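This is what each chain is made of:
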Amino acid sequence: MTNSSPAVDVLRYAAFTSRPDGGNPAGVVLDAALLAPDRMGAIAAEVGYSETAFVTSRDEERRRFTLRYFSPLGEVAFCGHATVATAVALAEHLGPGELVFDTPAGEIQVATATDTDGAVRATLTSVPTRSRPARTEELDATLSALHWDGADLDPELPPHVAFAGNDHLILAAGSRTRLADLDYDFDALAAVMRKHGWTTVHLVWREDEQRYHARDPFPVGGVVEDPATGAAAAAFGGYLRKVGALPASGVVTVRQGEDMGRPSELTVRTDPHGARVRVTGHAVPITG
């Protein structure tokens, strides 16, 4: 519960992990029908996670819900880890099965299921993705804010701006060491991202064609880094399809949060002939 509004019950989940101390924490408010947007924003700021999801309308019989997402600094159109957290919370209340979320980014279908050990996992299906090469001025400004240069990048994975509900700049580091050494100019990167409308900068390193490591600076949301970013993972799947880097299976694993001490795992399934991407992960309650 929040101090300023005890009647608002804020659930807390760690998404894309099976451990409460891993993954990306998200706030979830299952009954936000009477909350004004400024109140939702205030609650998200008080919770302090990268996003809090608010269920603003519900039809439990049809398993259809309206969601809004707020970072500590404002509303965002879509958030993957908060979607997974909300889906798991609803599955624990209603039972596993299909859910439909109406979000500012569009309709998001989510399938929930229970593993043999009782853990609940969720698979979100993104809105149609798109990806385009980053422009020179976008890339130069971002590299400057990151304190990187062109030699730090993997030449086989070109910089792109990719979309799966919101835009993310995708940059592939040439080494795991470069990815691990992240010390960027918070204000400068936030300014670049606001100028171009990006939600995160999705920094990746390719271990092999089926396994990637990622880090996601999120200064526009008031957060230095996300431990798991489902929206960026969906955009990344569309990017891999666009640049011809999908494995034959269409499935890649993204490891994120390792350098923050909150390891997470996102399974990204991309149809080579479709427009949408599926992202799967677990979520568990954070207690205490």
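Fair warning: this is a prediction, and the values are worked out from it, not measured in the lab.

A. Representation of the pattern of salt bridges. If you walk through the whole model with that rule in mind, you get 20 salt bridges. The closest approach of N and O atoms between Arg19 and Asp21, which form a salt bridge, is 2.9 Å. Linking Asp259 and Arg215 is a salt bridge whose minimum nitrogen-to-oxygen distance equals 3.9 Å. Of the two residues, Asp259 sits in the loop between β15 (251–256) and β16 (264–270) while Arg215 sits in strand β13 (residues 211–218), which places them 44 residues apart along the sequence. You can call Arg215 buried: its relative accessible area is 7%.

B. Expanded view of the packing of aromatic side chains. The tally for this structure, following the rule as stated, stands at six aromatic pairs. Their ring planes at 85 degrees and their centres at 5.8 Å tell us that Phe54 and Phe70 sit as a pair that is edge-to-face. With Phe54 in strand β3 (residues 52–59) and Phe70 in strand β4 (residues 64–71), this pair connects stretches of sequence that are 16 residues apart. Taken together, Tyr212, Phe236 and Tyr239 form an aromatic cluster joined through their ring pairs.

C. Quick look at the side chain of Thr199. With respect to the secondary-structure elements, Thr199 resides in strand β12 (residues 198–208). Thr199 sits in the buried class, given a relative accessible area of 12%.

D. Main features of the pairing of strand β14 (residues 223–226). In this structure, β13 lies alongside β14, joined through three bridges in antiparallel fashion. Its bridge partner lying in β14, Asp216 is registered against Asp226. Hairpin geometry of β13 and β14 is characterised by an intervening segment of four residues between the two adjacent antiparallel strands and by a positive phi of about 80 degrees at Gly222.

E. A look at the nonpolar core. Counting 56 residues, the largest nonpolar core has Tyr69, Val84, Phe101, Val110, Phe236, Leu240 and Val279 as the members making the most contacts within it. It is helix α2 (residues 80–94) that contributes the most residues to this core, eight residues altogether. Dropping the residues within four chain positions of it, Val279 is found in contact with Phe16, Ala122, Thr123, Leu124, Gly230, Ala233, Ala234, Leu266 and Thr267. Among the nonpolar cores identified, the runner-up in size contains 25 residues, and Leu139, Leu146, Leu169 and Ala173 belong to it.

F. Structural view of the environment of Val277. Checked against the element boundaries, Val277 lands in strand β17 (residues 277–285). Val277 gets classed as buried once you look at its relative accessible area, which sits at 0%. Each C-alpha atom of the pair Val277 and Arg211 lies 16 Å from the other, and the pair is 66 residues apart in sequence. Setting aside residues up to four positions removed in sequence, Val277 forms contacts with Leu124, Thr125, Ser126, Thr129, Ala234, Gly237, Gly238, Arg241, Val268, Arg269 and Thr270.

G. Geometry of the pairing of strand β7 (residues 106–114). As paired strands, strand β6 (residues 97–103) and β7 are joined by seven bridges and run antiparallel to one another. For Asp102, the partnering residue across the bridge sits in β7 and is Glu107. Looking at chain direction, β7 and strand β8 (residues 120–125) are connected through six bridges and run antiparallel. If you follow Gln109 over to β8, its bridge partner there is Thr125. The antiparallel pairing of β7 with β8 creates a hairpin that spans five residues between the two strands, and Gly118 there sits at a positive phi of about 95 degrees.

Scoring rules and cut-offs
Residues numbered from 1 in each chain as written. Predicted model: local features only at pLDDT ≥ 70, side-chain atom pairs only at ≥ 80, totals over all residues. Heavy atoms only, no water. Salt bridge = Lys/Arg side-chain N within 4 Å of Asp/Glu carboxyl O. Helix = DSSP H or I, 4+ residues; strand = E, 2+ residues; numbered from the N terminus. Buried < 20%, exposed > 50% of the residue type's maximum accessible area, 1.4 Å probe, protein only. Phe/Tyr/Trp six-rings, centres within 6.5 Å; stacked < 30°, edge-to-face > 60°. Pairing = 2+ DSSP bridges. Core = buried A, V, L, I, M, F, W, Y, C linked by side-chain atoms within 4.5 Å. Contact = heavy atoms within 4.5 Å.

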